[in-house]
Each structure stands twice: as C-alpha cells, then as structure tokens.
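The chain contents come next:
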Amino acid sequence: MPEKVLLAPPEHIMVQCENLVKIYKTDEIEVMALQGLDLTVERGELMGIVGASGSGKSTLLNILGGLDKPSAGTVFVDGKDLLKFGDKELISYMRDTVGFVWQNNARNLIPYLTAVQNVEVPMLLKGVQERRKRAEELLDTVGLSGRKNSLLGQMSGGEQQRVAIAIALANNPSLLLADEPTGAVDTKTAAMVLDVFKRLNRDMGLTIIIVTHDVNLSRSIDRVVSIRDGKTATEMIRKSSISDIASFDDLSQQKAAAEEAASEELVVLDRSGRLQLPKEYLAQLGLKGGDKVRVEMEEGRIVITSRNFSDGSPQ
C-alpha cells in the first residue's frame, strides 16, 4: 500500500495533534502517558493546560518542545511534521521554532552569569550579532532592564522566572511553552509572571501554551484544556475577553474582574466521537468504567442515562 500523505494544517493553526499516543516501557512495565490525545492551538493563542499529576500534560509539552517523540499519532507545529525530523532538523526546531520555560530555574539559568549574559547564551550558540543589544531589549520587555547585571542569587524567584522567559525569547520562537512557570513563586509574583505572558501574547502575537496546577492562573486565561488519563477531556472557554481584565493596572482590580468573567466548560469529543464524562458526574450517578448507559436523542440534545439493570429502572 502507498504511504499515507499527511497534509500540514492551515496557516492559522500553530499546533495540531491527532490521536497522539506515548508509551513508556521498561523491562517490567508499560505506561501509556498519552492515549489518543487530540489538540488544536491557533496561531497567536494564549492557552493553558491543566490536569492531575500523571495525566500526560508534561509529556505533551515535551513532545511539542522536541524533547520526546510520540509512539503513534501525528503532531504538527508551525506547519512542521515533528515525526519526520532527523537529528539536524530537530536541533534546528528546538533552537529556532520553540522556546521553553521550566518551573525549575536551575534548568533555565546559569548561576555564575549575569541576567544579560544568560539571555545572550542562546544567541551565542546561534552566532547572532549584536547579542548584548538584543538581550537588553528582551530584559526590558519582561521588566528587568534595571537588573541586567545581577547574578542569580541576587534576584527573587519572580525575577529569575522573567529572565528565563527572556532567554526563551532570545531566538524569536514561534511557540513558547511554559511548564508550571509559577509553581515556585507566591500568588502576587505568579500574577506578575502571568502578566508578562499576556503582554507577549498581546503585543507580539506570540503563541503561548502554559501547563499549570495553579487554579487562579488557569482562571485568568481565555482557553484552558483539561487533560485526563492521557486524553483531552474538557475545555474551559471564557466568554469575557481577558484583554478587558488586563486593562486594569491594579492587581486587585484584575482579580475582581477575573472572578466576574463568565466561562463555560465543554466536554471534548475525540475524532472517533468518544468523550470523557467529568468524574463528579459519574460519581453522582454511581457509574464506573465498563458500566452500560442509554444514549438517546431528545429535542436536539444527546441524553445519557444510567440504568439499574437489576430492576430495569433508569437512574
């Protein structure tokens, strides 16, 4: 049979994953971190990914960052098929297309270099001219122009994370990935870090994906995808524009506006028409995996009804 030709997604799509599977194997066990995950991210979008530990969200981020390869499925980023990359293409992709911000600053920063020197490192590896000027501009972008000559130990956790963001931007990536970027800072500092991401998204049109456990952080993002058991389970879509919230200068005003912003949670169908029902719904109906339910069309709605087969009465 001829090999199936995969078509790149439309120009306005930055990330497209279809039926993504990742299996980790050892001598004795096999773990499925992703079990047919589907995800589409539009160019210029700021979105969050949430999920319990072990749900697969960090695995997904590592695949998008070129740090891991899926066991099956397809993944396109910026029109590039990541599964077709050789070593040379992968290095180029990780250097030029994607930027990564880690929760652990030890992975972002070199402690014996100043802030501006840290930002210069990716450009040095690429051979960029006028590195110092570019590094100073990026530090100004994240609000740290006055700390450019500071060492790691002289900066707060929030300042270190903003330096890490500047480093991730050094080579003008098309996609910025952030893995728990506010996990090691307090609530006030987390809001400042999130504000940096919002401004980058708004002013530069940069596509940003943030993995987070922070409920307050996820509530401040227009679109949040929930991953459960290695699949895209639900999406939280905010009806009010986050740009309206970001227009407030005072953090307390932003928080109040965020709490008032209406949103709705949507269950996501996979490409085979399957869906994952929220666990709290299943618990209320006393359902578990393997149980049978009745599915009916009713006045333009799909109604799922549990059934007690012992007496034949629906629940």
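In this text, all values refer to a predicted model and were calculated from it rather than measured experimentally.

Cut-offs used in this document
- Residues numbered from 1 in each chain as written.
- Predicted model: local features only at pLDDT ≥ 70, side-chain atom pairs only at ≥ 80, totals over all residues.
- Heavy atoms only, no water.
- Phe/Tyr/Trp six-rings, centres within 6.5 Å; stacked < 30°, edge-to-face > 60°.
- Buried < 20%, exposed > 50% of the residue type's maximum accessible area, 1.4 Å probe, protein only.
- Lys NZ or Arg CZ within 6 Å of the ring centre and 35° of its normal.
- Patch = residues over 30% accessible without salt bridge, like charges linked within 9 Å, V, L, I, M, F, W, Y side chains within 5 Å.
- Areas by Shrake-Rupley, 256 points an atom, 1.4 Å probe, with all protein chains shown as cover.
- Salt bridge = Lys/Arg side-chain N within 4 Å of Asp/Glu carboxyl O.
- Helix = DSSP H or I, 4+ residues; strand = E, 2+ residues; numbered from the N terminus.
- Polar contact = N/O pair within 3.5 Å; in protein donor to acceptor, adjacent residues only side chain to side chain.
- Axes fitted to C-alpha atoms, helices over the stretch in contact; angles between N-to-C directions.
- Parallel < 35°, antiparallel > 145°, perpendicular 65-115°, else oblique.
- Left-handed = near helix turned anticlockwise from the far one by under 90°.
- Contact = heavy atoms within 4.5 Å.
- Pairing = 2+ DSSP bridges.

A. Region of the structure containing the packing of aromatic side chains. In this structure the tally under the stated criterion is 2 aromatic pairs. When the ring of Phe-100 is compared with that of Trp-102, the centres are 4.2 Å apart and the planes differ by 10°; the resulting orientation is stacked. Like Phe-100, the residue Trp-102 is buried in the burial classification. Lys-22 extends its terminal NZ or CZ atom over the ring of Tyr-24, reaching a point 5.0 Å from the ring centre.

B. Geometry of a nonpolar patch on the surface. Side chains of Val-293, Val-295, Met-297, Ile-302 and Ile-304 sit close together on the surface and give an oily, nonpolar patch of about 500 Å² of accessible area. Elements that contribute at least two residues to the nonpolar patch include exactly strand E12 (293–298) and strand E13 (301–308). Among the elements that take part in the nonpolar patch, E12 stands out by supplying 3 residues, more than any other. Structurally, Val-293 can be placed in strand E12.

C. Representation of the side chain of Glu-120 in the model. Mapped onto the fold, Glu-120 is located in helix H3 (residues 115–126). Owing to a relative accessible area of 14%, Glu-120 belongs among the buried residues under this scheme. Within the structure, the side chain of Glu-120 is placed 2.9 Å from the side chain of Arg-132, a separation counted as a polar contact.

D. Structural view of the packing of helix H5 (residues 157–168) against helix H6 (residues 187–204). At a minimum axis distance of 9 Å, the contact between H5 and H6 shows a crossing angle of 20°. Considering the angle they form, H5 stands roughly parallel to H6. Along this stretch, H5 crosses H6, giving a crossing that reads as right-handed. From H5, Gly-158, Gln-161, Arg-162 and Ile-165 reach across to H6, where they touch Thr-189, Met-192, Val-193, Val-196, Phe-197 and Leu-200.

E. Fine view of the sheet that holds strand E4 (residues 72–77). Taken in spatial order, the 4 strands line up as E2-E1-E4-E5 in an open sheet, and their pairing is antiparallel. Of all strands in the sheet, those with a lone pairing partner are strand E2 (30–42) and strand E5 (80–81), marking the two edges. Where strand E1 (residues 13–25) meets E4, 5 bridges bridge the pair, whose relative direction is antiparallel. Bridged to Cys-17 within E4 is Val-75. Those strands touched by helix H1 (residues 57–64) are E1, E2 and E4, and its axis lies near 115° from that of E1.

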